2 protein chains.
Amino acid sequence: MEWIFRPDAPIYTQLYEHLTLAIVSGTFPPGGRLPAVRELAVDAGVNPNTVQRALSELERDGLVYSQRTTGRYVTDDAERIEQERRKLAEGRARDFLAAMQKLGYDRVQTVVLLEKMRGERKEQ
Amino acid sequence: MEWIFRPDAPIYTQLYEHLTLAIVSGTFPPGGRLPAVRELAVDAGVNPNTVQRALSELERDGLVYSQRTTGRYVTDDAERIEQERRKLAEGRARDFLAAMQKLGYDRVQTVVLLEKMRGERKEQ
DNA sequence: GTTATTGTATTAAGTGATTAGTACAATAAC
DNA sequence: GTTATTGTACTAATCACTTAATACAATAAC
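Residues numbered from 1 in each chain as written. Chains lettered and ligands numbered in written order. Predicted model: local features only at pLDDT ≥ 70, side-chain atom pairs only at ≥ 80, totals over all residues. Heavy atoms only, no water.

**Examining helix 2 (residues 37-44) of chain B**
All names here are of chain B.
Move 1: Regarding helix 2, the residues found buried are V37, L40, A41 and A44. Down the axis of helix 2, the sector holding all buried residues measures 105°, keeping them to one side. Exposed side of helix 2, more than 90 degrees from the buried face: R38 and V42 are the residues found there.
Move 2: Close packing links the buried residues of helix 2 with helix 3 (48-60) and strand 2 (71-74).
Move 3: Where helix 2 ends, the next residue or the one after it, G45, has phi of about 70°, a positive value. (Buried < 20%, exposed > 50% of the residue type's maximum accessible area, 1.4 Å probe, protein only. Helix = DSSP H or I, 4+ residues; strand = E, 2+ residues; numbered from the N terminus. Arc of directions from axis to C-beta. Contact = heavy atoms within 4.5 Å.)

**A closer look at the protein's contact with DNA strand C**
Move 1: Around DNA strand C there are 21 residues in total, and R38(A), R72(A), I11(B), N47(B) and N49(B) lie nearest to it.
Move 2: Between DNA strand C and V37(A), the relevant distance is 3.0 Å, taken from a phosphate oxygen to a main-chain nitrogen or oxygen of the residue.
Move 3: Contact between DNA strand C and I11(B): a phosphate oxygen at 2.9 Å from a main-chain N or O atom of the residue.
Move 4: Of all the secondary-structure elements, those providing two or more residues to the surface near DNA strand C are helix 2 (37-44), helix 3 (48-60) and strand 2 (71-74) of chain A together with helix 1 (11-24) and helix 3 of chain B.
Move 5: Considering each element in turn, the surface near DNA strand C owes the most residues, three residues, to helix 3 of chain B.
Move 6: The residue makeup of the surface near DNA strand C, split by class, is five nonpolar, 10 polar and six charged. (Near = heavy atom within 4 Å. Polar contact = N/O pair within 3.5 Å; in protein donor to acceptor, adjacent residues only side chain to side chain. Nonpolar A, V, L, I, M, F, W, Y, C, P; charged D, E, K, R; others polar.)

Below, the structure written as structure tokens:
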């Protein structure tokens, strides 16, 4: 995994987001074991505590759990993972619509804009 | 104007965004004079320099200009303002589509989700 | 039962950015 | 020409947050 950190946000935040996406998109499959804290830390070139912090948040979200001496695992609950994916998507959508509304775009205008932007994006 | 600042972001940033929206949405009309730095500062309950910083960014964007002793004014150039509004909207849309793609939503699914969220939002 | 590997807790240091204080500069108004 | 009002510049202090260092705890493996 390629770790590149922007300087404008905390490392642990970026780790957290990367890992969340990796789980939600299936890169780390349900029930699978994650690399150990120290392993991830070496891999990413950061302090173990920084990784620990990111993983704690994932645990808080219920996406991973830890077993004291064997390591950390992605939750078995595939439904939970899918639920998280939907929750993240709806949050994004909600924020987006609110921002567009503040800019004076009603929903129709918003969708029209999205359609107009077709072709700009890679693939999809 | 009601100034409420969240603790999770710099005040000057929030001022900048508020003021940008006020200009772009016509609350501060083109060519109109803005309140003085010290006036805004008292109104918002912050240090004048904090207001100054936000206004500097607006100036950098070309949305306002200052005349040394008479005050600051919104640009006359209505086209420029509309251009900024579009630019902001397109930026939001771009970021949104990118985030949704990372979550595994293609464009069709994204629009479907937006439609499904109708009724949740006030007015519009 | 010893050891190695795992996660966890606690504390401290560093770092950077935001905000405030204060003084300066320009000019419109009278 | 004086004054009041405006924007501007510079420096310093505060503050909060992130990261690192270090030590502890649990248990699987042998």
